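# Working through the structure, step by step
Read off the chains here:
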Amino acid sequence: MELSNISATLKYGEFVNKTDKKKLLIILIFGLSAFAVFTVFLILEVVDYFYGKGDMILIIIFGIVLGFIGLVVPYYILVGILKKRKQKKEINFWLEDAVELQAKATEIGVWSGWLKTKSYKLQVGFDFEGKNYSFESKNKHIEFVFWEPDGYDEIWQKYINKNIKILYSPKYNEVMIIGD
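Residues numbered from 1 in each chain as written. Predicted model: local features only at pLDDT ≥ 70, side-chain atom pairs only at ≥ 80, totals over all residues. Heavy atoms only, no water.

## Some points on the environment of Lys140
Locating Lys140 in the fold gives a position in the loop between strand E5 (131–136) and strand E6 (141–142). Taking relative accessible area as the criterion, Lys140 reaches 63% and is therefore assigned exposed. Distance from Lys140 to Tyr152, taken between C-alpha atoms, is 8.1 Å for residues 12 residues apart in sequence. Excluding anything up to four places from it in sequence, Lys140 contacts Lys11 and Asp150. (Helix = DSSP H or I, 4+ residues; strand = E, 2+ residues; numbered from the N terminus. Buried < 20%, exposed > 50% of the residue type's maximum accessible area, 1.4 Å probe, protein only. Contact = heavy atoms within 4.5 Å.)

## Some remarks on the nonpolar core
By size, the foremost hydrophobic cluster in this structure holds 20 residues, and its most contacted members are Leu122, Val124, Phe126, Trp156, Ile166 and Ile177. Only strand E3 (99–112), strand E4 (118–128), strand E9 (162–169) and strand E10 (174–178) provide two or more residues apiece to this core. With five residues, E4 is the largest single contributor of residues to this core. Filtering out sequence-adjacent residues up to four positions away, Ile177 remains in contact with Asn5, Ile6, Ser7, Ala8, Leu10, Leu122, Trp156, Tyr159, Ile164, Lys165 and Ile166. (Core = buried A, V, L, I, M, F, W, Y, C linked by side-chain atoms within 4.5 Å.)

## Points about the pattern of salt bridges
The tally for this structure, following the rule as stated, stands at three salt bridges. With a closest N to O distance of 3.9 Å, Glu136 and Lys121 form a salt bridge. Remark: Lys121 occurs in strand E4 and Glu136 occurs in strand E5; sequence separation between them is 15 residues. For Glu136, a relative accessible area of 40% translates into the label partly exposed. (Salt bridge = Lys/Arg side-chain N within 4 Å of Asp/Glu carboxyl O.)

## Focus on the side chain of Thr9
Among the structural elements, Thr9 can be located in strand E1 (residues 6–9). There is a polar contact of 2.9 Å between the side chain of Thr9 and the backbone nitrogen of Tyr12. In contact with Thr9, other than residues within four places in its own chain, are Ile91, Trp94, Trp156, Val175 and Met176. (Polar contact = N/O pair within 3.5 Å; in protein donor to acceptor, adjacent residues only side chain to side chain.)

This is the structure:
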């Protein structure tokens, strides 16, 4: 089985595919473009200020916006990309001994946060070599604005009360969900 067939893991949640990477790259390019535009506006406003035409409050506003767009947004995106790269390497290790199995996914919790859609916690149960196994989602979320308890995510909704195909790695004791 290949990495591209995995849609999620119980440890990390939804798996980022090539389309998502392209979207992140577009956002990064947009952020850097906005950084360049605000840099030009800031320079022009500083020049105007020294000639007595500019307003200091505009310089401060442009500086704050410039700092946010130019530093925080690309940093946030790049950290996300680097985390996914690390996860991809780890998942490749799991695939070495992975066994494809049928499993039953059930909801074991619902959480509704502030201004956020419902998030679900998933449990996956299956039989392997005569033993019954049960694993819970444990993906961690520390998002920029919203926070969710560990294991909760809205992506688990599409798997609730369904029989799903999984890959189970006995060596690493990890579960990967195969995409549709």
